[in-house]
Amino acid sequence: MKSLSRRDFVKLGVGGLTAFAVGSVTIPNIFRGSTRLATAAGAAINLVMTDALVEMYDLKRVYMWLFADQVGPKFPGPTILATEGDLLGISLTNDLGEPHAFAVSGTTINSGPIAPGQAATVSFTAPPAGTYIYYDPLNEPVNRVLGLHGVLVSMPQAGNTPYSNPTPRVQQLFNDLGNTPAFPGEGWAPGRTKIWVFHNIDPRWNDLAQVGQPIDPAQFKEEWLSQYFTINGHSGFFASHHPDIVASGFVGQPHLIRIVNTGMNTHSPHIHGNHVFVLSRNGQVQSNVHFVDTDTTGPMDRVDWLLPFIRPPDLPGPKNVPIREAAREELALVDSRYGLPQKPLAYPMHCHAEMSQTAAGGNYPGGLVTHWEIIGDIDGVPF
Amino acid sequence: MALPVIERERITAETLPKWQRHHCPPKEPGFTPDRVQPDVVVERIIMEKLNLQLPFRLPTVGRTIPMWVIREPGQQLQFPSPAIRVRQGQIVHTLTHEKHSPPPGTHTIHHHGIEPTPMNDGVGKHSFEISGQSHTYQWQADIPGTYIYHCHVNTPLHFEMGLYGLLIVDPPEGPGFVAAYNPPTHVMIYDVEAFWVPDDMDSRWHLLGEHAFQLGEQPGGGAPTGQQCGGDPNDPNTFLKGILNDWQPDVFAITGVVARDAATPITDPRVAVTARVGQTILVRLVNASYAINEYTLGIDALVIAADGRALGVPPYGSYSQPFTVPAGTPFRLTTARRWDLILRPNATGVYPFKVDFIDWVTGKVRGTARTRITVS
């Protein structure tokens, strides 16, 4: 429960990713809009640990503990974008009724417990380039799973990869993008980045937190049963079509996808249409870069994928025939039932541990799913 | 006490058709777009019911567990469904007959790991579904490897019930050859082939109807009276209390053969491998369960491919390499991942294989299945 006075009941609108962008860091395209709060390196980033109700897939309102920026509480928390080595100051205020803290996974950054109503500042330099989870580590994993988590992205100071010290194979891959017959088109541009935060919710525990009941973490893990599965706070149809989540581009426009799992379930994300390169796992840039259609992300895992946006390899016929001709009839189709066009070429991504594809008591579909789409061929002309 | 509310998006008149198409895709288009002459036609009937004998009794289903399988015309019903096997470079037509069974069935075939156009990808919400009709999926087998084919309608239930089989793309040389790093040809010869497909079952799920807990559908099929297909997304009453989020497995199998218990190795020749010293064994390992699989194998395994992509083979394997899992070292795969393993026993003996089915939340072992390789 809360000890400070607070704003009146307010509907915050539909959730979406927001970000603090420090200094001159390159902003992914998903943040090109009004949801970006710029801050100079060294200036304080203000985060408040607070609470809110979040509407689930079935409109059930679930109590969550969340990090808030100056606009309001966010699920997931606001993304922090910085360049490796930037000085960051996180100014934290605990607006809740029990101790909370701020830590960054894979680092020693930790504010220590902050008492209810108190504030604290954590200063650190942005860690080695990569994808990180920031979260409340207290009563592990409870506080994080109840909603206190977000993503910190650290960009390298130089180079054409997401890493300061890529392995030779990862460096070779990024050098080859746009420069070899296997990867016609463009290299990776940091603007073409997606962030996918996988999370799970079992509302029984949120109900306990709402009335100030303590939660035993061993019981939490033993009795956990996910009712909702989210990507960036959205499920099912809504996650499938959210511009923050859906990677969209032409053949030859590779995308980086930064995946973090802040929930309780181990997921087996499977992508249709293209395989992906697994670049990095939990801060380790890979020397053996597998090219897979299904991967593994367990709780607190951070995995970076490179989605190459190559021509789907199993289209029949010669590969020098443009997709526009090879799939001419398909691209012209409009379904007779709803009047919706078949183009562009849309492929799902979903967890294959299929329980995760449900919502609100196991209703299908409605879970951890999205799609990505090829909007045109290598010529850069939309279908 | 008043709290801020982060809202879920609402469906409007403008976005309603997309919601409905997402949940009630069009039925088959009546033709295969951009149809070309195939090199091979593979025919399948979906679906048929099969009762699988259990080596023990369960309170839910007794001594047999109901399965749903895909049938190959002229062949006996089997679980897993019979493999599709083609060669690199072939243009394939998967001719699918949706067998109209009361109440009407609705199914698709998705070729997992194969990457054609969306109309041939078998995912209803991005294309269409088949009900009581025949349809041809068209694709070209570009990259040799181990894949899966399965129904992608009400997928949690249909995949679990057995509507899946293996899909093998052989190199142009055919069976007996597998894509692997081996300059300059990048194929390896093998003498013995094994298909190890661990699967788990929650017998409670095997009592449900085809459309159980599909949004906007009654458990027996069909939309609730007065509702449009997919239900009203702005009405919480659309959502029923079900079990498809709850996985409590009580049956553990390898390649359709149920383990009697956690200790007894499966000796059925469909699973257990026999070989001679000096032979090369190819194991196609496919996690078809809903658990995290942890494998422990009593012989060194060279991992040559993952998900139908040979490690180290240019161009897309240029950033990877085959690697050895030493004997006795556990390794893990999650649902639908596939690894191809090369084993080269150089001594006679019995080499055990164990698969632990691990819970996706607690990390505890829910069940175990074993088999073995006997080398003479």
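In what follows, the structure referred to is the one given above.
In what follows, the accompanying structure is described. (Residues numbered from 1 in each chain as written. Chains lettered and ligands numbered in written order. Predicted model: local features only at pLDDT ≥ 70, side-chain atom pairs only at ≥ 80, totals over all residues. Heavy atoms only, no water.)

All names here are of chain B. On the basis of which strands lie adjacent, the open sheet formed by 3 strands has the order S13-S14-S15 and antiparallel pairing. Where the open sheet ends on each side, the last strands, each with one partner, are strand S13 (198–201) and strand S15 (257–258). Across 4 bridges, S13 lies against strand S14 (residues 251–254) in antiparallel orientation. In the strand pairing of S14, aspartate 199 is matched with alanine 253. (Pairing = 2+ DSSP bridges. Helix = DSSP H or I, 4+ residues; strand = E, 2+ residues; numbered from the N terminus.)

The next subject is the nonpolar core. Burial of nonpolar side chains together is a common tendency in soluble globular proteins. Counting 162 residues, the largest nonpolar core has Phe102(A), Trp305(A), Trp196(B), Leu341(B) and Ile373(B) as its most contacted members. If one sorts the elements of this core by residue count, strand S2 (residues 40–58) of chain B sits on top with 7 residues. Core analysis: the second largest hydrophobic core is formed by 36 residues, Ala19(A), Val153(A), Val170(A) and Val197(A) among them. (Core = buried A, V, L, I, M, F, W, Y, C linked by side-chain atoms within 4.5 Å. Buried < 20%, exposed > 50% of the residue type's maximum accessible area, 1.4 Å probe, protein only.)

Take the environment of Leu215(B) next. Mapping Leu215(B) onto the fold places it in the loop between S13 and S14. In sequence terms Leu215(B) and Asp232(B) are 17 residues apart; their C-alpha atoms lie 9.4 Å from each other.

For helix H3 (residues 203–210) of chain A, the set of buried residues is Pro203(A), Trp205(A), Asn206(A) and Ala209(A). Within H3(A), the buried residues cover an arc of 155° as seen down the axis, which keeps them to one side. (Arc of directions from axis to C-beta.)

Taken together, the contact between chain B and chain A spans 97 residues of the former and 105 residues of the latter. Broken down residue by residue, the surface that chain B buries against chain A is led by Ile6(B), Tyr319(B) and Trp360(B), which jointly contribute 11%. Linking chain B with chain A are 5 salt bridges, by the criterion used here. The interface formed by chain B and chain A includes 54 residue pairs in polar contact (both at pLDDT 80 or more). Every element with two or more residues in the side of chain B that touches chain A is listed here: strand S1 (5–7), helix H1 (16–23), strand S6 (110–112), strand S7 (134–140) and helix H2 (155–161) of chain B. No other element matches the 7 residues that H1(B) contributes to the side of chain B that touches chain A. (Contact = heavy atoms within 4.5 Å. Buried area = accessible area lost by both parts, 1.4 Å probe. Salt bridge = Lys/Arg side-chain N within 4 Å of Asp/Glu carboxyl O. Polar contact = N/O pair within 3.5 Å; in protein donor to acceptor, adjacent residues only side chain to side chain.)

All names here are of chain A. All buried positions along helix H2 (residues 168–176) are accounted for by Val170, Leu173, Phe174 and Asp176. Burial along H2 is one-sided: seen end-on, the buried residues are contained in an arc of 160°. Buried residues belonging to H2 abut strand S18 (276–281), strand S19 (284–285) and strand S21 (302–307).

Here we take up unusual backbone geometry. Peptide bonds are mostly trans, and most non-glycine residues show a negative phi. Residue Pro76(A) is reached from Phe75(A) by a cis peptide bond, and omega for that bond is -5°. Here Pro76(A) lies in the loop between strand S6 (73–74) and strand S7 (79–83). Along the chain, Pro314(B) connects to Pro315(B) via a cis peptide bond; the corresponding omega equals 0°. By the secondary structure assignment, Pro315(B) is in the loop between strand S20 (309–310) and strand S21 (323–325).

Tallied over the full model, the rule gives 35 aromatic pairs over all chains. Ring plane angle 75° and centroid distance 5.6 Å describe the contact between Phe183(A) and Tyr316(B), whose orientation is recorded as edge-to-face. Residue Phe183(A) is found in the loop between H2 and strand S13 (193–201), and its partner Tyr316(B) is found in the loop between S20 and S21; the two belong to separate chains. Measuring from ring centre to ring centre gives 6.1 Å for Phe159(B) and Tyr290(B), while their planes differ by 20°; the resulting arrangement is stacked. (Phe/Tyr/Trp six-rings, centres within 6.5 Å; stacked < 30°, edge-to-face > 60°.)

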